[in-house]
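# Fold and geometry: a report
One letter stands for each residue in the lines below.
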Amino acid sequence: DVRSIVGELPLLVPGIGAQGGDVEATVKAGRTAAGCGLMISSSRAILYAGSGEDFADAARKVALATRDEVNVYRA
């Protein structure tokens, strides 16, 4: 419904990751005809992916996995 009102404007979308939002439903409902138009935030899942010296590697893995999951539903 929101996309039909705002047209091609980008949308900031929280709730993916630690909050448990449905990536597939979010992307399919919110993307533009070109498959973009969403800025999806997944801060907590990335920030708390690791707590030791592996923090950077763990955060990177979660960030890449999230990106890959979003991209599955963009087309």
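A brief structural summary. Note that the structure is predicted; figures quoted are calculated from it, not measured. (Residues numbered from 1 in each chain as written. Predicted model: local features only at pLDDT ≥ 70, side-chain atom pairs only at ≥ 80, totals over all residues. Heavy atoms only, no water.)

What follows concerns a nonpolar patch on the surface. A surface patch of nonpolar side chains, about 360 Å² in accessible area, is lined by Leu 47, Tyr 48 and Phe 55. By the secondary structure assignment, Leu 47 is in helix H3 (residues 43-47). (Patch = residues over 30% accessible without salt bridge, like charges linked within 9 Å, V, L, I, M, F, W, Y side chains within 5 Å. Areas by Shrake-Rupley, 256 points an atom, 1.4 Å probe, with all protein chains shown as cover. Salt bridge = Lys/Arg side-chain N within 4 Å of Asp/Glu carboxyl O. Helix = DSSP H or I, 4+ residues; strand = E, 2+ residues; numbered from the N terminus.)

Compared with the 26 Å implied by 1.5 Å per residue over 18 residues, the 26 Å span of helix H4 (residues 55-72) between its first and last C-alpha is a close match. Buried residues of H4: Ala 58, Ala 59, Thr 66 and Val 70, and no others. All buried residues of H4 project into a common sector of 105 degrees when viewed along the axis, lining one side. Opposite the buried face of H4, by more than 90 degrees, sit the exposed residues Ala 56, Asp 57, Arg 60, Lys 61 and Val 72. In the core, the buried residues of H4 are packed alongside helix H2 (23-30), strand E2 (38-40) and H3. (Expected span 1.5 Å × (residues − 1). Buried < 20%, exposed > 50% of the residue type's maximum accessible area, 1.4 Å probe, protein only. Arc of directions from axis to C-beta. Contact = heavy atoms within 4.5 Å.)

You can see Ser 42 is positioned in the loop between E2 and H3. Ser 42 sits in the buried class, given a relative accessible area of 8%. A polar contact is formed between the side chain of Ser 42 and the backbone oxygen of Ile 16, at a distance of 3.4 Å. Sequence-distant contacts of Ser 42, defined by excluding residues within four places in its chain, comprise Ile 16, Gly 17 and Thr 66. (Polar contact = N/O pair within 3.5 Å; in protein donor to acceptor, adjacent residues only side chain to side chain.)

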